[in-house]
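# Coordinate inspection notes
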Amino acid sequence: MKILVISDIHGNAEALNAVLANENDADRIIFLGDALLSGPQALKTAQRMGELDIDITIMGNHDKDVLEPASYASWPKQWVALNNGLIAHLEPEHIRALESYKPAGRFQIGDLDMYLHHGQLDKAIPPPLPDAPDDSFRSIDRNSDCQWVLFGHTHVQFSRQIDGKTYINPGSVGQPRCGKLHACYGVFEHGLYSPRQVTYDPAPWLDALKNLAALEPYPEFREWLSEGLLSGYGIGE
């Protein structure tokens, strides 16, 4: 059995389509949250995800933002305008799909016993990055005895062994923080996990960003978003 693991698409339909094309023989799909905001292809991403048979979808913080727009009302005005503009174009079925996303928990897929979590922790806990203390990772699965613990949120692709468990972040499909323009994801095949990446043409994403009427008053912000995608968000390899 081949299981595709994706996370943090953030309204980048081009990256999502590249991953799906690269792994078109996947038997199952796991999505770890943050589907639509705040990418210029939010609607196209919602439509594409609606065509997929995703086995498990975990609720991410930006998925909650779509359902509760008041949660970002105090953000900088350009972000509020962007999110409001993207949400305004979604259809009711896209909202209903987000409402069906599941909270973190234990799931069985084939022979694999997994704990799935978006990856956002309490602000008092260091985020689960490669150099984070072990207790940050233990906070994800709440002392479960699952061998595999999958999470996203930080957009950094890596894995970590702690207490006999494997903690895996497949990276971000739409906004990987690795200093390269590509989509990150992971695959389980025959019970073994491998991190993967695939390149794609960013031109349609950039065109969608250019055509967002909500950002007309914020040309510098639009340029900043464009540079972020093309630079791989400047984090480094």
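First, a word on what this report is: a plain description of the structure on this page. Keep in mind it's a predicted model, so treat the numbers as computed, not measured.

### Topic: helix α4 (residues 77–88)
- Its twelve residues give α4 an end-to-end C-alpha distance of 16 Å, which sits within 8% of 16 Å, the value for a rise of 1.5 Å per residue.
- Within α4, the full set of buried residues consists of V80, A81, L82, N83, G85, L86 and I87.
- Buried residues belonging to α4 abut α2 (42–50), α3 (61–67) and α8 (219–230).

### Re the layout of surface pockets
- When its volume is computed, the largest pocket comes out at roughly 560 Å³.
- What lines the largest pocket is a set of 23 residues, among which H10, H62, W79, Q175 and R177 lie closest to the centre.
- When residues of the lining of the largest pocket are traced back to their parent elements, those giving at least two are α3, α7 (203–210) and α8.
- Of the residues forming the lining of the largest pocket, the biggest block, four residues, is contributed by α3.
- The residue makeup of the lining of the largest pocket, split by class, is nine nonpolar, ten polar and four charged.
- Taken together, 13 residues make up the lining of the second largest pocket; nearest its centre are P40, L43, L86, H89 and L212.
- Counting only elements with at least two residues in the lining of the second largest pocket, the list comes to α2 and α4.
- Take the lining of the second largest pocket: its biggest share by element is four residues, from α2.
- Here the residues of the lining of the second largest pocket are counted per class, giving eight nonpolar, four polar and one charged.

### Regarding the sheet that holds strand β9 (residues 183–189)
- A sheet is described by the order of its strands in space; here five strands give the open sequence β3-β2-β1-β9-β10, paired in mixed fashion. The sheet is open, and its two borders are formed by β3 (56–57) and β10 (192–198), each paired with just one other strand.
- Looking at chain direction, strand β2 (residues 28–31) and β3 are connected through two bridges and run parallel. Counted as the bridge partner of F31 is T57 from β3.

### Some points on the pairing of β2
- Here strand β1 (residues 2–6) runs beside β2; their pairing, made up of four bridges, is parallel. Counted as the bridge partner of I3 is R28 from β2.
- Considered for its hand, the β-α-β crossover made up of β1, helix α1 (residues 13–22) and β2 is right-handed.
- A crossover links β2 with its parallel partner β3, the connecting element being α2, and its sense is right-handed.

### Some words on the environment of H190
- Along the chain, H190 turns up in the loop between β9 and β10.
- Put simply, H190 and I3 are 187 residues apart on the chain and 9.1 Å apart in space, counted from C-alpha to C-alpha.

### Section: the packing of α7 against α8
- Axis separation between α7 and α8 bottoms out at 10 Å; the angle between their running directions is 170°. When the interaxial angle is binned, α7 and α8 end up roughly antiparallel. Residues W205, L206, L209 and K210 of α7 form the contact with α8, whose participating residues are R222, L225, S226, L229 and L230.
- Considered class by class, the residues forming the contact of α7 with α8 number six nonpolar, one polar and two charged.

### Things to note about the sheet that holds strand β6 (residues 148–150)
- Spatially, β4-β5-β6-β8-β7 is the arrangement adopted by the five strands of the open sheet, whose pairing is mixed. Strands with a single pairing partner mark the edges of an open sheet, and in this sheet they are β4 (105–109) and β7 (158–162). Shown here is a sheet whose adjacent strand axes are inclined to one another by a mean of 25°, direction ignored.
- Of the strand pairs in this sheet, strand β5 (residues 112–116) and β6 are connected by three bridges, and their pairing is parallel. Paired with Y115 across the two strands is V149, which belongs to β6.
- Across the sheet, helix α6 (residues 134–141) touches β5, β6, β7 and β8 (165–169), and the angle it forms with β7 is around 95°.

About the criteria used
- Residues numbered from 1 in each chain as written.
- Predicted model: local features only at pLDDT ≥ 70, side-chain atom pairs only at ≥ 80, totals over all residues.
- Heavy atoms only, no water.
- Helix = DSSP H or I, 4+ residues; strand = E, 2+ residues; numbered from the N terminus.
- Expected span 1.5 Å × (residues − 1).
- Buried < 20%, exposed > 50% of the residue type's maximum accessible area, 1.4 Å probe, protein only.
- Contact = heavy atoms within 4.5 Å.
- 1 Å grid on protein atoms, 1.4 Å probe; cavity = no way out; pocket = protein on both sides within 12 Å on 5 of 7 lines; lining within 4 Å.
- Points joined across faces, edges and corners; volume = space filled by probe spheres on them.
- Nonpolar A, V, L, I, M, F, W, Y, C, P; charged D, E, K, R; others polar.
- Pairing = 2+ DSSP bridges.
- Right-handed = clockwise from strand over helix to strand, strands pointing away.
- Axes fitted to C-alpha atoms, helices over the stretch in contact; angles between N-to-C directions.
- Parallel < 35°, antiparallel > 145°, perpendicular 65-115°, else oblique.

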